[in-house]
Structures are given as C-alpha cells and as structure tokens.
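Chain by chain, the residues run as shown.
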Amino acid sequence: MRAIRILLIVAVVLGALFTAADRAAVWFAENEAAEKIRSSQGLSGTPEVSIKGFPFLTQVAGSSLDEVEIKLDGVTANAGDRSIRVTNFKAKLNDVEIDSSFSSAVAQRATGTAHISYEDLTKAAQDPGVSVGHANAGSNKVKVTGKVSVFGQVVERSVVSTVTVVGKDTIRVRADQIPATGFPGAEEMIRAKTDFDRQLSGLPKGVKLEKVVAGADGVDITFSGEKVNLAG
C-alpha cells in the first residue's frame, strides 16, 4: 500500500508539473502569435489571442491547434482612399495549422464579427458634409444626411439608406429614395453625396464579409473564411 501511495503522489506531482509547463507554453505561444498577427497584417494594435484545448503541447506536436480565439478593439483598416476604425473585432479559428516557430498559421475555418460606429462610418463617407446615423427602419437601414448648394440655396435632406455587403470586402450604402426638393438636379446631387462604397482592404487571405446589421450605435459585420492565412 505504501508503494501505491508513493506512485500516486509521484503521478500527481508529475501531472502538476506537466500542467504548469503546458500553461507556460500556451502563454508564450499566445503572445508570439499575437505579435506575428499584428506585424504581418499591419495592425495598429496587438490582438488578444486565446488558444483553447488541453494539453497544448500535444497539439503543437501535431502542428495543429483545435481552436483559437482572437479579440481586438480599435483596429484601423484601409477603406479605399480613407481609413476606418473597427471596434470589437472577434474571430474564432478552427483547425489551425502551424509550424514550430509560429511563422506560418492557416485556419481551415474562421468566423467572426466586427463593429463600426456611426461616428466612424461618417468619417469614412464620400463627403465631409455627410453624416450617418441610426434609422430605426430595419436591420440593414441607416439614416444618411447630406447638404448641397443649389442656385445659392443650401438644401439638406436625410434619407433612409440600405447598407449591404458587396463582393468579399466592400460595404455599400445606397439611399432607398431621395425626397423631392423642388430644385432641378438636386436629387442627383444629394445622391452623389449620400451613396458610397467602402472597400476594407488588407483583410487576411481567405476572409470574406457576409452581412451587415444596423443597430442603435453602429453596424455589426459578420465575416467567415476558409484556409485563412493569419501570419503570411
């Protein structure tokens, strides 16, 4: 019985040491991966990386991580000739293939969400005189207000616009209808200001935007991808 007790104690001690080493390795890998993602994607901030699953060391030995979560707040993305601030970026990556130095990481599947406030969407609009806000008219509707000068008269109109995803990386805002102003050509001039596309360049290879939902304080973007290159 004494020998059995000793074996049990040794097993517990070795298990604790292995767990500690495993958690230390996870901490190092998460920080290393976060820095690789930041530098390779040209991000303005360092993401928070969380590697799921236990034990971690056996996943590394197999060069594949079961699940990785990435969070980042306040990243600046390129949007054509402008930049746009994205907040509350969250991504879940599954079956991430890695090498021993974390210089290469490819996720077989990726899903996530990101938020753009109306203030930041306004800054990315076509014209500095245009503002974007909550329309309270549907899940993909926003209110866009623009001003134009017609025959010396300043005409301001607010329109309900539909916000959609076009292609893999572009957000489109289009007025459903321009109210009549009584000035010839004013409707076209207002639409030229209120309608705009913004392409989010620099997304990791394999990621595509899925849909946009308008809320009280901004729009939420859903994205997904396959074979997403995170560090290349």
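Rules of the game
- Residues numbered from 1 in each chain as written.
- Predicted model: local features only at pLDDT ≥ 70, side-chain atom pairs only at ≥ 80, totals over all residues.
- Heavy atoms only, no water.
- Helix = DSSP H or I, 4+ residues; strand = E, 2+ residues; numbered from the N terminus.
- Core = buried A, V, L, I, M, F, W, Y, C linked by side-chain atoms within 4.5 Å.
- Buried < 20%, exposed > 50% of the residue type's maximum accessible area, 1.4 Å probe, protein only.
- Contact = heavy atoms within 4.5 Å.
- pLDDT = per-residue confidence, 0-100.
- Salt bridge = Lys/Arg side-chain N within 4 Å of Asp/Glu carboxyl O.

The name given to the protein chain in an unreviewed UniProt entry is DUF2993 domain-containing protein, with the source organism recorded as Streptomyces syringium.

Participant: Outline the environment of valine 212, listing residues and values.
Facilitator: Note on placement: valine 212 falls in strand 11 (residues 207-214). Between the alpha carbons of valine 212 and serine 139 there is a distance of 8.4 Å; along the sequence they are 73 residues apart.

Participant: Give a detailed account of the nonpolar core, specifying residues and quantitative values.
Facilitator: In this structure, Val49, Val68, Leu93, Val96, Ile116, Val142 and Val219 are the most contacted members of the largest nonpolar core, which totals 49 residues. Setting aside anything within four residues of it in sequence, one finds valine 219 in contact with Ala114, His115, Ile116, Tyr118, Leu121, Val142, Val212, Val213 and Ala214.

Participant: With reference to specific residues and values, describe unusual backbone geometry.
Facilitator: A positive phi angle is found at aspartate 95, which is not glycine, with a value near 55°. In this structure aspartate 95 comes out as partly exposed when scored by relative accessible area, which is 30%. Although it is not a glycine, lysine 227 sits at a positive phi angle of roughly 50°. Its location among the elements puts lysine 227 in strand 12 (residues 218-229).

Participant: If you had to explain the confidence of the model for the protein chain to someone new, which residues and values would you point to?
Facilitator: Atomic detail in the predicted coordinates should be set aside for any region of low pLDDT. Per-residue confidence for the protein chain gives a mean pLDDT of 74, with 70% of residues at or over 70. For the protein chain, the element scoring lowest by mean pLDDT is helix 1 (residues 2-41), at 55; strand 11 scores highest, at 89. Contacts of residues 1-19 to residues separated by more than four positions or lying in other chains number four contacts, the stretch itself having pLDDT below 50.

Participant: So what's going on with the pattern of salt bridges? Which residues, and what values?
Facilitator: Scanning all chains against the criterion turns up five salt bridges. As a salt-bridge pair, lysine 123 and glutamate 119 come within 3.8 Å of each other at their nearest N and O atoms. Residue lysine 123 and its partner glutamate 119 are located together in helix 3 (residues 118-123), separated by four residues, close to a single helical turn. Overall, the relative accessible area of 55% leaves glutamate 119 in the exposed class. One network of salt bridges, with partners in common, ties together Arg172, Arg174 and Asp197.

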